Structure formats: structure tokens, C-alpha cells
Amino acid sequence: MIALKDVSKELGEFSCSQVNYVFTNSLYQLNGENGSGKSVLLKIIAGFDRKITGKVENDQAKKPILFLTDTGIGLPYLNVRDNIKLSAKILGVDISEAAFFPLFQADKYLETDYTKSSLGNQNKVGTALLFSETEYGLIVIDETLNGIDRQSTKLILERLDELQVKQHCPIIFVSHAITLEHAKQVDIYEIIGGKNYE
């Protein structure tokens, strides 16, 4: 569970004041227009943005956080497979290649240099970590599925449904193109109060 307690933040046009909201250990889809502050709020929830007033309490804070955006997390001098292994090692999670191989469907995509991989395969480096059996303290998927093929997207969405049952942490998903049927639909303005943009 993650609780926002009297959280306030001002950043450019984005502002929120005295936000109180609790993310229970469920699957959420955070909705809002471009520029409405979803990514800013996600960084606050994850504890990456500490330039706030108020408090963010995470009862799973000692567990790793999987925070994925629309930008791949790979290093340019490694291939896709080695980037997945390195990312898992940095997060301290165990993952078998058999668990994430179906995302790539062929060994040649795993052996491709990261910089020569498609946008979809670069984004799959991070999503492969969803197939670890490690318990996370928080999972954030912020527009990460952009550019990922339909078959792999289906596997990732099925995995999110599985994780909703298995994980004991909030899972927060953001996408303008996909609606999760089994997720709690939350509009950002329900959380931060009112509309901050004209």
C-alpha cells in the first residue's frame, strides 16, 4: 500500500495541493490528458521526486520498484539479452530467460545490439522484468507499451492480470491507447483535485 498524505507539489504548470490518496495492493489505470501531471505524480508515488511537502508512505519500501516509461532502459553497448540480465541484477531480481523469451519470439532479437533494436524491442527490455517471480514494492508502467507488437502486448497485459493476484503492491498502468478491463480506473483529477489546466 502507498499512501499520499497532504502531498503538495508545484512544477511548471502542474500543481497539486494537500493530496491524500491511498493506492492499495491492486491494479490501477491512471487516466488523464497529455500534460495533466500523470508522470509527475508517478515519480512522487515512487519516491523519486522528494521535492514535495507532505509524506509518501510505502509499506513495501524495502522491496524493489519497477518503474518503466516510454523510454527503453537499455545500455547502448549491450545486446537485448544482456540488458535484461543487467537490469535484473541492478534491481536484485531473479529472472529466467524462459520466462521472458515469449516476448521476443526469436533468439535473434535477444542477440541484437540494443541500439539496432526496434523501439518495441527496446521497451521490452524493461517489460521482461515483469516476468520475474520477485515481489516488487511498486510497479509503474507509464506509456511503456508504445511500439510493442500486439502479441507481446497481449502477453504483458495477461501478466499484469496475473501480477494483480500474486503481487502485494500497487501496480499503476498508464496508456492512452489501451484500457485494462480488470483495473481500477482512476482519473488524475480525482487524485490531485480539480483540473489544473485550461
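Residues numbered from 1 in each chain as written. Predicted model: local features only at pLDDT ≥ 70, side-chain atom pairs only at ≥ 80, totals over all residues. Heavy atoms only, no water.

> Hey, could you run me through the sheet that holds strand E3 (residues 27-31) in this one?
Strands pair in a sheet through their backbones, by hydrogen bonds, and they do so in one of two ways: parallel or antiparallel. Strand order in this open sheet of 5 strands is E5-E6-E7-E3-E8, and the pairing throughout is parallel. In this open sheet, the two edge strands, each paired with only one partner strand, are strand E5 (65-68) and strand E8 (184-187). The mean inter-strand angle of the sheet, taken between neighbouring strand axes irrespective of direction, is 15 degrees. Pairing of E3 with strand E7 (residues 171-174), which is carried by 3 bridges, proceeds in the parallel orientation. Along E7, the bridge assignment pairs Gln-29 with Phe-173. Its contacts with the sheet put helix H6 (residues 150-166) on E3, strand E6 (138-142) and E7, and the angle it makes with E7 is roughly 155 degrees. (Pairing = 2+ DSSP bridges. Helix = DSSP H or I, 4+ residues; strand = E, 2+ residues; numbered from the N terminus. Axes fitted to C-alpha atoms, helices over the stretch in contact; angles between N-to-C directions. Contact = heavy atoms within 4.5 Å.)

> Just to check I follow, could you spell out the side chain of Lys-124 for this structure?
Looking at where Lys-124 falls in the secondary structure, it is placed in helix H5 (residues 119-127). In terms of polar contacts, Lys-124 uses its side chain to reach the side chain of Ser-152, at 3.1 Å. Aside from chain neighbours lying at most four places away, what touches Lys-124 is Leu-103, Phe-104, Ile-148, Asp-149 and Ser-152. (Polar contact = N/O pair within 3.5 Å; in protein donor to acceptor, adjacent residues only side chain to side chain.)

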